[in-house]
Amino acid sequence: MTPMTVNDIIHQLSTAHTASRDELVYLLNNITDDEQETLRRAAQTAAREHFGNRVFIRGLIEISSYCKNDCLYCGLRRSNRSAVRYRLTREQILDCCDSGYALGFRTFVLQGGEDAHFTDEVVCGIVREIKRRYPDCAVTLSLGERGFDSLRRLFDAGADRYLLRHETADRTHYGRLHPPQMSFDNRVSTLRFLKALGYQTGAGFMVGSPFQTTENLADDLLLIQELQPQMCGIGPFIPHKDTEFRDFPQGSLRLTLTLLSVIRLLQPRILLPATTALGTIAPNGRELGILHGANVVMPNLSPREHRKDYAIYDNKICTGEEAAECLECLRRRMRYIGYEIVTDRGDYY
Ligand code: 5AD
Ligand code: FES
């Protein structure tokens, strides 16, 4: 059998939505600029088949910068004594939803560090109130690892979706990015449990995180292929000055875009955001993400006075803007490349 070329692999991804580990490694290591344009077009075409020129928005509300965890890459890790900590009150969170609803948001994402203040009782109360006020909206939680009972209670209270990036599909690599108390197995079993409970579930990983190899990325893609999450969040690693990863280089724009395209072809209907991290490493990063197969953007709905303190990585964009400004900015950016932001829950079908 003659070995596959990069173009063969792209063709196979486009038609059969599959690739082996060796093929993924080969593609990621060897893809030329011309081949990347072929891949990009195939991914954009696949996204257009399912979503047309529609881009879904999610209103991101960063509810707490407290975190009991200590992930080595993250600016909110508990050992970062320089981090400014805040948490939003229930009323502040509901106010964000009120203004978001008026702007056309139909999904609210409550994201935060692992903050003991946000007990099941507190979060369930907030979820119920959002669903009472806005029965036509989806609520997404992104609150880290919680126990199975907790995740079930939040689901029963009305949460529709849960984001929990797996961060890396390689156990050894996982161990180099996280403190010993954290476990890869728990991460993955939590993801499987979320899906089994009925959440629309989001996995995901960083591109270019310290010590990452191409093989690790191929395994990330295979895990996505196996888990079949409804959503996948990927963005470049960006160093944070107060972490021990401060001197590692940021992830590559080109590689992130290649991976977005591969994910779109592996799972054509997946909800795939062009992330804030992508917009942080390149001024037109989110537009490029959409052109490479992404179909979601997540403007910030957090109160402006706290935005700069939700500092996962350095130089995060949109810390000085109001929600309406970010939405208008993104609307303009999307129109410029031929896409329209829509008022829609943007569920997985
Ligand atoms: N650079 C890029 N992304 C990061 N995240 C955390 N720290 C960084 C960083 N330094 C991502 C993780 C996490 C998500 C909320 O942000 O993937 O799951
Ligand atoms: Fe926030 Fe452009 S999206 S300023």
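Structure first, text after, so check above.
Keep in mind it's a predicted model, so treat the numbers as computed, not measured. (Residues numbered from 1 in each chain as written. Chains lettered and ligands numbered in written order. Predicted model: local features only at pLDDT ≥ 70, side-chain atom pairs only at ≥ 80, totals over all residues. Heavy atoms only, no water.)

## Let's talk about unusual backbone geometry
Negative phi characterises most residues that are not glycine, and trans characterises most peptide bonds. Despite not being glycine, Q228 has its phi angle at roughly 50°, a positive value. Backbone geometry places C318, a non-glycine residue, at a positive phi of 70°.

## Regarding the pattern of salt bridges
Scanning the model with the defined rule gives 31 salt bridges in all. Two residues, E62 and K316, come together in a salt bridge whose shortest N-O distance is 2.9 Å. Here E62, found in strand β2 (residues 59-64), pairs with K316, found in the loop between α13 (304-307) and α14 (323-336); they are 254 residues apart in sequence, far enough to count as distant. One salt bridge in this structure joins D309 and K308, with 3.7 Å as the shortest N-O distance. Residues participating in the shared-partner salt-bridge network are K131, D160, R161, R345 and D347. (Salt bridge = Lys/Arg side-chain N within 4 Å of Asp/Glu carboxyl O. Helix = DSSP H or I, 4+ residues; strand = E, 2+ residues; numbered from the N terminus.)

## So, the site of ligand 1
In the vicinity of ligand 1, the contacting residues are Y73, C74, R165, E167, M206, P236, F237, I238, I312 and Y313. At a separation of 3.0 Å, a nitrogen atom of ligand 1 approaches a polar backbone atom of Y73. A distance of 2.7 Å separates a nitrogen atom of ligand 1 from a polar backbone atom of I238. In the complex, the protein chains occlude 86% of the 400 Å² of accessible area that ligand 1 would expose alone. A class-by-class count of the residues in the shell around ligand 1 yields eight nonpolar, no polar and two charged. (Near = heavy atom within 4 Å. Polar contact = N/O pair within 3.5 Å; in protein donor to acceptor, adjacent residues only side chain to side chain. Areas by Shrake-Rupley, 256 points an atom, 1.4 Å probe, with all protein chains shown as cover. Nonpolar A, V, L, I, M, F, W, Y, C, P; charged D, E, K, R; others polar.)

## Structural notes on the environment of Y349
With respect to the helices and strands, the residue Y349 is situated in the segment after β9 (340-342). Among the residues examined, Y349 registers a relative accessible area of 68% and is labelled exposed. Through-space distance from the C-alpha of Y349 to that of L271 is 9.7 Å; in sequence the pair is 78 residues apart. (Buried < 20%, exposed > 50% of the residue type's maximum accessible area, 1.4 Å probe, protein only.)

## Looking at α14
Between its first and last C-alpha, α14 extends 20 Å over 14 residues, near the 20 Å set by a 1.5 Å rise per residue. All of the buried residues along α14 are A323, C326, L327, L330, R331 and M334. Seen along its axis, α14 keeps its buried residues to an arc of 135°; they face one direction. Relative to its buried face, α14 has exposed residues pointing more than 90 degrees away, namely R332 and Y336. Phi for G338, located one or two positions after α14, is positive at around 95°. (Expected span 1.5 Å × (residues − 1). Arc of directions from axis to C-beta.)

## Here's the deal with the side chain of T214
Looking at the secondary structure, you find T214 in helix α9 (residues 214-227). Within the local environment of T214, its side chain forms a polar contact with the side chain of N29, the two groups lying 2.8 Å apart. Not counting residues within four places of it along the chain, the set of residues in contact with T214 comprises V25, L28 and N29. (Contact = heavy atoms within 4.5 Å.)

## A few points about the sheet that holds strand β1 (residues 54-57)
Pairing in this open sheet of three strands is parallel, and the strands run β8-β1-β9 from one edge to the other. Every other strand in the sheet has two partners, leaving β8 (296-297) and β9 as the edge strands with one partner each. Taken together, the two bridges between β1 and β8 define a ladder with parallel strand orientation. Its bridge partner lying in β8, I57 is registered against V297. (Pairing = 2+ DSSP bridges.)

Note that every value here comes from positions in space, so none of it alone points to a role or purpose.
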